[in-house]
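Reading the structure
Chain by chain, the residues run as shown.
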Amino acid sequence: MNSTVSEASLSFQEFKKEVLNDYRLCLISRYSSLLARKEVLSGKAKFAILGDGKELPQIAMAKVFKNGDFRSGYYRDQTIAFAVGEITVENYFAQLYADTDEEREPESGGRMMNCHYATHLVDNEGNWKVLTEQKNNAADLSPTAGQIPRLFGLAYASKIYRNCPELEDKIQFSHHGNEIAFGTIGDASTSEGHFWEALNAACALQIPMVLSIWDDGYGISVESSKQRAKDDFSELLQGFKRTHDENSRGCEIITAHGWDYPELIEAYAQAEKFAREKHIPVIIHVCELTQPQGHSSSGSHERYKSAERLEWEKEYDCIKKFREWIIDYETYDQINNQKIKVATEEELTHLEDEVKQMVKEHQKNEWNKFRSDIDVLKNNALSLITDLAENSVKKAFINLEKENFLQIPLPYKKDIFHFIRKVFRIVREEDSQAKTNLQNWYTIVFNKESENYNSKLYTDTQFSAVHVPYVPPIFNENPDLVDGRIVIRDNFDKLFEKYPEIIAFGEDLGKIGDVNQGFEGLQEKYGSTRISDTGIRESTIIGQGMGMAMRGLRPIAEIQYLDYVLYGIQTMSDDLASLSYRTKGKQKAPLIIRTRGHRLEGIWHSGSPMGGIINYLRGIYILVPRNFVQAAGFYNTMIQSEEPCLLIECLNGYRLKEPLPSNLGEFTTPVGKIDITREGKDITVVTYGATWKIVTEAAKELEALGIDIEIIDIQSLIPFDLSHEIVESLKKTNRLVIADEDVSGGASSYILQKILEEQNGFQYLDSAPKTITAKDHRPAYGSDGDYFSKPSVDDVIEKIYEIMHEVNPIEYPKIR
């Protein structure tokens, strides 16, 4: 290549320095990938998923990745992580080895697989960092296309910051919405619905999103031609392409070859201009990429790629092509009247040797540090166990276990703790100082390791919802009795007035104020930016909220019905619920997900799939208010905390009358605390949500039958009865019934485990605990379908009566 251009106003020496630094970063990333695979094959690491073949486009992306920007990517993005300073080579290998030292492995403390990156968005006390002064990587996740709903939200936040004057002072999070959200995805993963749902929404709303598609022709072993309608992915996207009319919506589509350095630089510069200045989404289709080591360390790509394809991949490897470009590049020095080059063959060979050696040294350094910690643990255990053996009548048995342990060539923590626990079982009948010493040491180190692996599912900082002070609702002497929807609407009004960072959105939420009028008139008052309608796209509604919450906003994302939460459950489970845990508390997304459910009519509008929701969403608070004063209090609580929650309003309560509190927007409902709504002495009935009303109605007739039940409203399923108040009720009644609308063994099994096992409630029972649940199918349509499908007042009365019949058949004869 010949050129007399000043290379975008850089002097040639500056240009040369930048090019060689880019080449050096490519080499660092590639040699790290090659060495990582070897470490897995040698048994020193469990698994590797690598970014080789994608180096050059990520170098180009890094050039336009500015402070305040976010990246929402996946497990091929190690090069940009190196380029923006997210990781060092030692950090890279620390993650490969699952090192739990947070200094050495700052991304997750050993919790995430390699090539999963997460910038610290909060400090150790849970305070937000200044996100506009750093480059931000939202914690990566492995499920294909799982990163895309959140990408949409991260970009949408910029739209909010640009269009809400009330947020201009939030410079910790945004400078007038000038930040871009960069996304990356493999071309095969674009077959997922998440991709198309988010792309459609981004094109409709015009947000600053730059999404790179790494196209290497395969999805693991399946060729791209078998995965999409068009071989050329850019052709497939044409329906989303914007025209250049002033009011045109859609996205810009840019195609660049993954091995062409100048073309990639230009592509990302062009994409940045569209996104940052005009808030136009951009798709960069990076084609003709390679994956030199195959999908992962679990297999070989030689099994499914033809000889011709493998040969092509060698020829079009992006680093090889970049090297050729550097060698061929020359310009003319008019001052000295001579041709000058970026680098010679010899200079590049020297650089390559230097980088390869450097990567190897850093890998060895990290391995030695990682093993040193384990060796200290091992040696301490051996020393204490040797002392114990010398003082034990079971010395021979202990030494046999010791010999077996010493045969392990490369012991890990699990091997050490397994060895110790076996020794404890051997000396279970003994009592000695040596045993006490081992027990004391074991308790300390085991608790430390448990903390390494089991902490931060929920926040333990001052921002936890459990720390929000309880403020009871205040009622005037003669409070207005209003529809439940009025309570929630007027409470939202107070919150929106008080907190400009609250943004609400969902299907039918804006113009008509939601299907049950809980937001009636509020869009007109606060504007369509803060309260808006969305398309029917539950997954990206969740992702929209999550991304916004990661950028300092307080979104309320509405899913119209509880049944439809299932469309967003993957994003909620794999991403939102695990965010705090997988980053060891260094990222958070305080998203409030609002929905309504339980009793209504029909198979798809009356579900209560609470067991599944509880199990999939550990990491998210699950709040189940029985009425709308309670629900409003929960919203007030969660806005004062910084944790995600799912809040399920009762579908059949919007038109029921409730007293209107006078301290709207101020009173709180405590999470993790039960409410005893009726005291009784015979049976404790634990329930929540819409079933509470059924149980309360049944209590009146049960009282006439001589049965005095105590009714406990759980209020929140997660967290569950933190003070263990339910067991105190069992001490009085000695009998337990769980009533809910889920299928048999659903939420009721979770509740039973909490009460019987966690609270040790079983020891106070004089009768077997019973559950009252719905049938194992979706409810049939209509009021009669509801009666026969879900617990009725009659069911509750008769099942509770049966318990008392077993206790005293004379006083409580059979009903039928």
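This text follows the structure it describes.
What this report covers is the structure whose coordinates are included nearby.

**Looking at the nonpolar core**
Within the largest apolar cluster, 126 residues are counted, with the highest numbers of intra-cluster contacts made by M610, I622, L646, V686, L717, I751 and I755. Looking at this core, the element that brings in the most residues is helix 5 (residues 147–163), giving 9 residues. Dropping the residues within four chain positions of it, L646 is found in contact with V565, M572, I593, T595, I613, L617, I620, Y621, I622 and L623. Counting residues in each nonpolar core, the second largest holds 94 residues, with I254, F405, A434 and Y442 among its members.

**Focus: helix 24 (residues 747–758)**
Turn by turn, an α-helix covers 3.6 residues, leaving residues three or four places apart pointing in a common direction. Taking 1.5 Å as the rise per residue, helix 24 with 12 residues should run 16 Å; its terminal C-alpha atoms sit 16 Å apart, in good agreement. Buried residues of helix 24: A747, S748, Y750, I751, L752, K754 and I755, and no others. Next to the buried residues of helix 24 lie helix 20 (610–616), strand 21 (683–687), strand 23 (716–718), helix 23 (725–733), strand 24 (736–739) and strand 25 (770–772). Where helix 24 terminates, the next one or two residues include N760, which has phi positive at roughly 55°.

**Observations regarding the sheet that holds strand 14 (residues 531–533)**
Across the sheet, which stays open at both edges, the 7 strands sit in the order 14-13-15-16-18-17-23 with mixed pairing between neighbours. Each edge of the open sheet is held by one strand with a lone partner, namely strand 14 and strand 23. Between one strand axis and the next, the sheet turns by 20° as a mean value, whatever way the strands run. The pairing of strand 16 (residues 592–597) with strand 18 (residues 645–650) spans 6 bridges and is parallel.

**What about the environment of S729?**
The topology assignment puts S729 in helix 23. In this structure, the C-alpha to C-alpha distance between S729 and T684, residues 45 residues apart in sequence, is 6.6 Å. Non-local contacts of S729, meaning those with residues more than four positions away in its chain, are made with T684, E710 and I712. At 2.6 Å, the side chain of S729 forms a polar contact with the side chain of T684.

Criteria and thresholds
- Residues numbered from 1 in each chain as written.
- Predicted model: local features only at pLDDT ≥ 70, side-chain atom pairs only at ≥ 80, totals over all residues.
- Heavy atoms only, no water.
- Core = buried A, V, L, I, M, F, W, Y, C linked by side-chain atoms within 4.5 Å.
- Buried < 20%, exposed > 50% of the residue type's maximum accessible area, 1.4 Å probe, protein only.
- Helix = DSSP H or I, 4+ residues; strand = E, 2+ residues; numbered from the N terminus.
- Contact = heavy atoms within 4.5 Å.
- Expected span 1.5 Å × (residues − 1).
- Pairing = 2+ DSSP bridges.
- Axes fitted to C-alpha atoms, helices over the stretch in contact; angles between N-to-C directions.
- Polar contact = N/O pair within 3.5 Å; in protein donor to acceptor, adjacent residues only side chain to side chain.

Fair warning: the whole summary comes from geometry, so function is off the table for now.
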